[in-house]
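# Fold and contact review
Below are the chains, spelled out letter by letter.
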Amino acid sequence: MLKKICFHAALLTVLTGCLSSPAPLRKGKVYIGKQGDQYQLYREGQPFTIKGAAGFENLRELSAAGGNTIRTWDTLHLGKILDDAYANHIAVIAGFPMPVSGFLPYYNDTAKVATQYTAFRNVVNRYKSHPALLMWCLGNEIDFPYKPQYNSFYTAYNRLLKMIHTEDPDHPVTTALINFNKRCIYNIRLKVTGLDLISMNIFGELRDLQRNLDNFSWFWDGPFLITEWGINGPWESAAFTTWGAPVEYNSTQKAEEYLQRYQEYMPVKDPRFLGACVFYWGNKQEVTHTWFSLFTKEGEASETVAVMEYLWTGKWPPYKAPALRYVLLNGKGARDNILLNPNSLQTAEVLLRDTAGGPLRITWEILAEDWHTKNQDEPNLQKPVAYNNLLLPPQGNKITFRSPVKEGPYRIFATVSDNKGHFATANTPFYVVSR
């Protein structure tokens, strides 16, 4: 019994030592200060709260909406991104891409790890003095496991972390986790040396974040940043068709959810909160080309951009995007599991919520369902095959089309644009069944 007591006392001493010795707050051009329980990011000696966006395009629009920061995931075209950001009074969280920790063949290969180290050091030294640089993000969703087999990963990670701080003492370093992950935070505290703050990419679980922060503060009470937040991702969809296609909200519903989610769940009053980056400031393909996109490829802005301007500035812009209800296909909605015969005439209709915003233009598309991924973990980044040759001339808010000949899943998209640079979008999935 005495041995057990001694063992537990020793373990408590070790943990207490870990808990009482967090990474020191660093000071440079950008640093994190603390007064009492309150953490504050400082840039050039002035308090700086991140009003950010994940993405690297539409920077003029970001600045005009009251945003001040962008977050990137890699160093591709970093010089141009930094220059464009500086021209638009935007700060940059620059990401270093790393293989996930479980890719041990990479971390056990000393030559590859050495090449990575040299490449990252060159990037740090090239851009550390750029006036737009805010901080570095070493790895995105790379995971932090515990087992000894991952020691080569931790050796490489800590060496990179030390190098960044040595070469560039003027900018903090973070890493981005998936959601609030206790296991990763445990292992970061126990096995990583020198991270200045922890960041999180969090969507549907944002509603639980404050409670999780409070319940885990006995172990970790350091500063944090939200590097991605937004509506539920396709993997978290509230509904799926019987063939497994996630049902997507229209752009008006998304804007309402961005507003509600930020106002109710973003931990803005937490003294450890340094800011958040909305996802995705730009246009990207992730299951659909509209799911997360706040802009079209042509630069039109969605209703969510107006929401972010309100959240960042406290004022609504004079104009907002058109408001939609839904797209119906043969009078049915996305949750109705619509089955169509091949090569047969169908009718779709987009229903508007607000028609008082002036003349509108409706663009229709038929796309194959995006069921493919680049690999097991990464979504496809290319827009699926289009079948727009099947569309007949539209008539008002309606369009007639021929269903594809090939059996399989598809979606019909409606994009509604005004003459002020705004758009709204909705889509309905359907499945073509062979006779």
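First, a word on what this report is: a plain description of the structure on this page.

What counts as what
- Residues numbered from 1 in each chain as written.
- Predicted model: local features only at pLDDT ≥ 70, side-chain atom pairs only at ≥ 80, totals over all residues.
- Heavy atoms only, no water.
- Pairing = 2+ DSSP bridges.
- Helix = DSSP H or I, 4+ residues; strand = E, 2+ residues; numbered from the N terminus.
- Axes fitted to C-alpha atoms, helices over the stretch in contact; angles between N-to-C directions.
- Contact = heavy atoms within 4.5 Å.
- 1 Å grid on protein atoms, 1.4 Å probe; cavity = no way out; pocket = protein on both sides within 12 Å on 5 of 7 lines; lining within 4 Å.
- Points joined across faces, edges and corners; volume = space filled by probe spheres on them.
- Nonpolar A, V, L, I, M, F, W, Y, C, P; charged D, E, K, R; others polar.
- Parallel < 35°, antiparallel > 145°, perpendicular 65-115°, else oblique.
- Left-handed = near helix turned anticlockwise from the far one by under 90°.
- Salt bridge = Lys/Arg side-chain N within 4 Å of Asp/Glu carboxyl O.
- Buried < 20%, exposed > 50% of the residue type's maximum accessible area, 1.4 Å probe, protein only.
- Polar contact = N/O pair within 3.5 Å; in protein donor to acceptor, adjacent residues only side chain to side chain.
- Core = buried A, V, L, I, M, F, W, Y, C linked by side-chain atoms within 4.5 Å.

This next bit is on the sheet that holds strand β11 (residues 273–279). The sheet built from 8 strands closes into a barrel, its strands ordered β4-β5-β6-β7-β8-β9-β10-β11 with parallel pairing. Between one strand axis and the next, the sheet turns through 25° on average, direction left out of account. Along the sheet, helix α3 (residues 78–87) contacts β5 (69–71), β6 (91–96) and β7 (133–140); its crossing angle with β6, the most-contacted strand, is approximately 165°.

Right, let's talk about the environment of G139 for a bit. Within the secondary structure layout, G139 lies in strand β7. Between the C-alpha atom of G139 and that of Y154, which follows or precedes it by 15 residues, the distance is 12 Å. When near neighbours in sequence (up to four residues on either side) are disregarded, G139 contacts F96, M98, T175 and A176.

Looking now at empty space enclosed by the protein. Overall, the coordinates contain 4 cavities of 30 Å³ or more when judged by the stated rule. Volume-wise, the largest cavity comes out at about 80 Å³. Along its surface, the largest cavity is lined by S251, K254, Y258, T290, W291, F292, S293, L294, S302, T304, F423 and T425. The biggest single contributor to the lining of the largest cavity is helix α9 (residues 251–265), with 3 residues. Here the residues of the lining of the largest cavity are counted per class, giving 5 nonpolar, 6 polar and 1 charged.

Contact pair α9 / helix α10 (residues 303–313): the axes reach a minimum separation of 8 Å and the direction vectors enclose 20°. Taken together, α9 and α10 sit at an angle that is classed as roughly parallel. Seen along the crossing, α9 lies across α10 with a hand that is right-handed. Residue-level contacts link T252, K254, A255, Y258, L259, Y262 and Q263 of α9 to E303, T304, V307, Y310 and L311 of α10.

Time to look at the pattern of salt bridges. Going through the model one piece at a time under the given rule, you end up with 12 salt bridges. We note a salt bridge from E365 to K383, for which the minimum N-O separation is 2.6 Å. Here the residue E365 occupies a position in strand β15 (residues 361–368), and K383 occupies one in the loop between β15 and β16 (398–402), the gap between them amounting to 18 residues. Exposure remark for K383: the relative accessible area of 39% places this residue in the partly exposed category.

Time to look at the side chain of N187. Mapping N187 onto the fold places it in helix α7 (residues 182–191). Ignoring sequence-local partners within four residues, the contact set of N187 consists of F144, P145, Y146, Y154 and V192.

Here we take up the packing of helix α5 (residues 110–127) against helix α6 (residues 151–167). Packed helices, taken two at a time, are described by the angle their axes make and the gap between the axes. Running from N to C, α5 and α6 cross one another at 20°; their axes reach a closest spacing of 10 Å. In this view, α5 runs roughly parallel relative to α6, as classed from their interaxial angle. The two elements α5 and α6 meet at a crossing, and its hand is right-handed. Where α5 abuts α6, its residues V113, Q116, Y117, F120, R121, V124 and N125 lie against A156, R159, L160, M163, I164 and E167. Of the residues belonging to the contact of α5 with α6, the class tally is 8 nonpolar, 2 polar and 3 charged.

Once that is clear, we can look at α7. Taken as a whole, α7 has its buried residues at C184, I185, N187, I188 and R189. The distance from a side-chain oxygen at the start of α7 to the backbone nitrogen of R183 is 3.1 Å, and the residue carrying that oxygen is N181.

Right, let's talk about the sheet that holds strand β17 (residues 408–417) for a bit. The mixed open sheet is built from 4 strands, whose spatial order is β13-β18-β17-β15. Because the sheet does not close on itself, it has two edges, and the strands there are β13 (338–340) and β15. Looking at each pair of strands side by side, their axes are set apart by 30° on average, direction ignored. Note: β17 against strand β18 (residues 423–432), 10 bridges, orientation antiparallel. Paired with G408 across the bridge in β18 is V432.

Core analysis: the largest hydrophobic core is formed by 82 residues, its most contacted members being W136, L138, F144, Y157, I226, W229 and W281. With 8 residues, α6 is the single largest residue contributor to this core. What F144 contacts, discounting residues up to four positions off in sequence, is S101, F153, Y154, Y157, T175, L177, R183, C184, N187, I188 and V192.

Right, let's get into α10. Counting buried positions along α10 gives 8 out of 11 residues, so the element sits mostly inside the fold. Within α10, burial applies to E303, T304, V305, A306, V307, M308, L311 and W312. The elements touched by buried residues of α10 are β4 (50–54), α2 (59–64), β10 (224–229), α9, β11 and β18. Positive phi shows up at G314, right after α10, with a value of about 85°.

For the rest of this paragraph, the subject is the pairing of β16. Of the two faces of β16, the one holding I399 and F401 is buried and the one holding K398, T400 and R402 is not buried anywhere. By the bridge criterion, 5 bridges tie strand β14 (residues 345–352) to β16 in an arrangement that is antiparallel. Counterpart to T347 in the pairing with β16 is T400.

Note that G333 resides in the loop between β12 (324–329) and β13. Taking the C-alpha atoms as reference points, G333 and T428, 95 residues apart in sequence, are found 6.6 Å from one another.

This part takes up unusual backbone geometry. The phi torsion of most residues other than glycine is negative, and most of the peptide bonds are trans. Omega for the bond connecting F279 with Y280 falls within 30 degrees of zero, at 15°, which places this linkage in the cis form. In this structure, Y280 sits in the loop between β11 and α10. A positive phi angle is found at N179, which is not glycine, with a value near 60°. With respect to the helices and strands, the residue N179 is situated in the loop between β8 (173–178) and α7. Judged by its relative accessible area of 15%, N179 is buried. Of note in this structure, N343 is not a glycine but carries a positive phi near 50°. Taking the relative accessible area as the measure of exposure, N343 reaches 43% and is therefore partly exposed.

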